[in-house]
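Coordinate inspection notes
The chain contents come next:
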Amino acid sequence: MRDIRSTLPRSFFLLPLALAAGALLILAAVPARANPPDGAPSLAFPVDCHINLDCSVQKYFDHDPGPGAKDYMCGDLVNDKHTGIDIRIPSYVDMRRGVKVLAAAPGTVWRTRDGIEDINVREIGAEVVDEYGLGNVVVIDHGNGWRSFYGHMRKGSLTVKEGDHVEAGQQVGLIGLSGLTEFPHVHFMIMHNKEAIDPFTGTSVNDPLACGDTGHALWNPTTLAAMAYTPTGPLIAGFSTDKPDKESANNGVYDKAQYPASAPTLFFWATYFGMKAGDRQVMRIVAPDGKVIVNFDKIMEKGRILGFNFIGLKAPEGGFARGTYRAEFQLLRGDSGNDKIVAAMARTVELQ
């Protein structure tokens, strides 16, 4: 199988460590235009999942031409120079089950690459994979200078080869963790004549942005409606009896319905996306008798695209009471006293 690097500029597959996983560098600038070029493909959703239920858009296209970052809604669910759409699944457990990546429009497979391991870049270091930023990737040519890219797919999952004709909705691989990425997702990108285009607006970083204007979107109407902008949401949550960490949570280490009541500690953890400065984060653990035994309630000083937090307590003398423990996570936004819940999760566990 031909290495895609032999025909594309190296910058297509490089990502400075300071940028978000899956980000790409813009290759060329063209004069601003009022409308997207003729002949653009009509795009279907490129993942076999239910958007905002078992998958979500983690990061959008960056419309800020300077050192800042701004998504098409003028929000901050994006990193500087991120030129695609990151559609993620909640955890590595979901990745191992297999989530299909689909061709967004008919075309011919132009380039492919496979064989890159599925490893969180923070585990191995960016320098190890800095030549393979998109990891395992398929590129489809739709004609008229338009191409779609599907990056970070699972090793060995590609189902197409160069020269194959594909139809919209046809599987091209599975969501993975290959290349410069920290979470399982597909980096979906549209290029027109070597310029990255936001499928939500039909424009590039060089074009003026009207916040929220999707009048020239490349997504078909059904897909655009389904992909309503969601700046904040829950991902996964659970209990553990050891101090939890994000990588173990993503790997399903804590996916247990029961723990021993003799455990020395009990923790509740949550992973979520789109926290803003000023949000109020509330977490608590409730004992079988209904008593709140741990409570965390704090106004967050900084925003972040991806958040992970946990609370916990030591076992009382004689051990934890047996029974069902409940934990809750809420992220609230708004004026004091008029907060709106923007993300929430609740979990239970048995201590026996």
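Quick notes on the rules
Starting afresh in each chain, residues are numbered from 1 along the sequence in its written order. For a predicted model such as this one, the threshold for reporting local features is a pLDDT of at least 70, and the threshold for listing and counting side-chain atom pairs is 80 or more; totals across whole chains, interfaces and linings nevertheless cover every residue. Side-chain numbers here rest on the full set of heavy atoms in the structure, without hydrogens or water. A pair of strands counts as paired when DSSP detects no fewer than two bridges linking them. By definition, any uninterrupted DSSP run of H or I lasting at least four residues is a helix, any uninterrupted run of E lasting at least two residues is a strand, and each is numbered from the N terminus. The definition used for a disulfide is geometric: two cysteine sulfur atoms within 2.5 Å. The convention used is that axes are lines fitted to C-alpha atoms, helices contributing only their stretch in contact, and that angles between N-to-C directions extend from 0 to 180 degrees. Confidence scores here are pLDDT values: one per residue, from the predictor, ranging 0 to 100. In this analysis, two residues are considered to be in contact whenever any of their non-hydrogen atoms come within 4.5 Å of each other. Only Phe, Tyr and Trp rings are paired, with Trp represented by its six-membered ring, and only when their centres lie within 6.5 Å; those with planes under 30 degrees apart are stacked, over 60 edge-to-face, the remainder tilted. Residue exposure (1.4 Å probe, protein chains only): buried if accessible area is under 20% of the type maximum, exposed if over 50%, otherwise partly exposed. Note on criteria: charge over ring means Lys NZ or Arg CZ within 6 Å of the ring centre, with the direction from the centre no more than 35 degrees off the ring normal.

1. A few points about the sheet that holds strand β18 (residues 340–351)
Strand order in this open sheet of five strands is β12-β18-β17-β14-β15, and the pairing throughout is mixed. Both edges of this open sheet fall to β12 (258–259) and β15 (292–299), since each of them pairs with a single strand only. When strand β17 (residues 323–333) meets β18, the two strands line up antiparallel, connected through 11 bridges. Looking across to β18, one finds that Glu-328 is bridged to Ala-346.

2. Here's the deal with the state of the cysteines
Counted according to the given criterion, the structure contains two disulfides. Covalent S-S linkage joins Cys-74 and Cys-211, the inter-sulfur distance amounting to 1.7 Å. Given an S-S torsion of about -70°, the disulfide between Cys-74 and Cys-211 has left-handed geometry. With Cys-74 in the loop between β1 (56–59) and β2 (85–88) and Cys-211 in the loop between β10 (195–197) and α4 (221–226), this residue pair connects regions lying 137 residues apart in the sequence.

3. Quick notes on the sheet that holds strand β11 (residues 233–240)
Pairing in this open sheet of three strands is antiparallel, and the strands run β11-β13-β16 from one edge to the other. Each having just a single partner strand, β11 and β16 (304–314) make up the two edges of the open sheet. Taking each pair of neighbouring strands and ignoring which way they run, the sheet shows an average axis angle of 10°. Taken together, the seven bridges between β11 and strand β13 (residues 265–275) define a ladder with antiparallel strand orientation.

4. A look at the confidence of the model for the chain
If pLDDT is low for a region, its predicted coordinates should not be looked at in detail. For the chain, per-residue confidence averages 88 on the pLDDT scale, and 87% of positions sit at 70 or higher. In this model, residues 1–35 is a region of pLDDT below 50 whose contacts with residues beyond four sequence positions or in other chains number 99 contacts.

5. So, the packing of aromatic side chains
According to the stated counting rule, one finds 15 aromatic pairs in the structure shown. Considering the side-chain rings of Phe-239 and Phe-268, the 5.7 Å spacing of their centres and the 50° angle between planes classify their relative orientation as tilted. Taken together, the residues span a long stretch of sequence, with Phe-239 in strand β11 and Phe-268 in strand β13 at a distance of 29 residues. Across this residue pair, the class does not change: Phe-239 and Phe-268 are buried. For Arg-147, the ring lying beneath its charged end belongs to Trp-110, and the centroid distance is 3.6 Å.

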